[in-house]
Amino acid sequence: MTLNIDLAVYNVNKDLQNIRHWFCRNGLICNTKKSEAMTTASHKALKTNRDINIFYGDSIVKQQRHFKYLDVVVDESLSWNNHVSYIASRVYPKLKLLNRISSFLSPTILLKIYKMTILPILDYGCIVWGLCSKKNSDFLERLQNKAMRIILRTNHLTCTQSMRERLGLLTLFNRRRYLRLQLVYKIVNDYHCPRQLQGYFSLRSELRRKALRDGRELHLPRYKTAVGQSTFEYAAAKEWNDLPKELRACETLRLFKIKTFKLLIESDKTQHICSV
């Protein structure tokens, strides 16, 4: 572990030295006060990890345990605890405002406000952090439950599944699956797929170079660790393979979205256990 860190530190410092020379040649200045370094590893590895020394010129780059990049808070163990807390800090004020105006507006209008102002915050970047821990997932679910009670003017004894059915909402857990599967569909079918994700997944039939019974199944990387199996590359491919064959064979994205939404709505119904 120490050798790997030492090698990584050496390579990063070497790259930063080359970057600094390029900046000097082109008359550019790097603001080292806004530059940060972070070691990413498992909880176990971080316990035995030591501080790293990353330099830019004569200045040492400050080491952090988490940082915000494109409004997603990344932490050193990729637990996403800090990001979920950040989401909650943005959602709570909007829930308070929604509660204040709820007595003047109909549930239909309140639902539209929720979908326009709160749901995008809960969705943002979920392709990256969506496979978070069950504790974080349940915490976010409670935020949506609170919003539904405000919209429908119900109390905490009301069944959450009945509220979702009335509002036509998925659980946030299944909504994140819904968004991941849409992206997988775009990648597999090369439909408005981001350039950097083209060819991201491989079909099993292409790798084995022969026709299989199900030619739309994706190849699963052989990850044995929980971290590996929580990556988009593995988890999204597995979710795609678990879909019914007719869904994966949909000819249009619109049809795929409709059928997948119905499937996940039914999944919410069957998996829900009412505690009221």
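Just above sits the structure.
Analysis parameters
Residues numbered from 1 in each chain as written. Predicted model: local features only at pLDDT ≥ 70, side-chain atom pairs only at ≥ 80, totals over all residues. Heavy atoms only, no water. Phe/Tyr/Trp six-rings, centres within 6.5 Å; stacked < 30°, edge-to-face > 60°. Axes fitted to C-alpha atoms, helices over the stretch in contact; angles between N-to-C directions. Helix = DSSP H or I, 4+ residues; strand = E, 2+ residues; numbered from the N terminus. Parallel < 35°, antiparallel > 145°, perpendicular 65-115°, else oblique. Contact = heavy atoms within 4.5 Å. Core = buried A, V, L, I, M, F, W, Y, C linked by side-chain atoms within 4.5 Å. Buried < 20%, exposed > 50% of the residue type's maximum accessible area, 1.4 Å probe, protein only. Arc of directions from axis to C-beta. Patch = residues over 30% accessible without salt bridge, like charges linked within 9 Å, V, L, I, M, F, W, Y side chains within 5 Å. Areas by Shrake-Rupley, 256 points an atom, 1.4 Å probe, with all protein chains shown as cover. Salt bridge = Lys/Arg side-chain N within 4 Å of Asp/Glu carboxyl O.

1. A word on the packing of aromatic side chains
This model, assessed by the stated rule, comprises 9 aromatic pairs. Joined through ring pairs, the aromatic side chains of Y185, W240 and F256 make up one cluster.

2. Re the packing of helix α3 (residues 81-101) against helix α7 (residues 134-152)
The geometry of α3 relative to α7 is characterised by a closest axis approach of 11 Å and an angle of 5 degrees between their N-to-C directions. Relative to α7, α3 is oriented roughly parallel. Between α3 and α7, the contacting residues are N81, V84, I87, A88, V91, Y92, L95, L98 and N99 on the first element and N136, F139, L140, L143, K146, A147, I150 and I151 on the second.

3. Describing the nonpolar core
In this structure, V91, Y114, L122, W129 and L140 are the most contacted members of the largest nonpolar core, which totals 31 residues. The element contributing the most residues to this core is α7, with 7 residues. In contact with L122, other than residues within four places in its own chain, are I87, V91, Y114, W129, L140, L143 and L172. Grouped together as the second largest cluster of nonpolar side chains are 21 residues, V184, L197, C250 and L253 included.

4. A word on helix α8 (residues 160-167)
Owing to its 3.6 residues per turn, the α-helix aligns residues three or four sequence positions apart on the same side. Among all positions of α8, only T160, Q161, M163, R164 and L167 are buried. Considered in projection along α8, the buried side chains sweep an arc of 160 degrees and stay on one side of the axis. On the buried face of α8, the contacting elements are α4 (107-117), α7 and α14 (253-271). Two residues or fewer past α8, G168 is found with a positive phi of approximately 70 degrees.

5. Describing the side chain of E239
Tracing the chain through its elements places E239 in helix α12 (residues 232-242). Those residues in contact with E239 that sit more than four places away from it in its chain are R177, R180 and L181.

6. Re a nonpolar patch on the surface
Among the surface-exposed residues, Y69, L70 and Y124 lie close enough to one another that they form a single nonpolar patch of about 370 Å² accessible area. Within the fold, Y69 resides in strand β5 (residues 66-69). Judged by its relative accessible area of 56%, Y69 is exposed.

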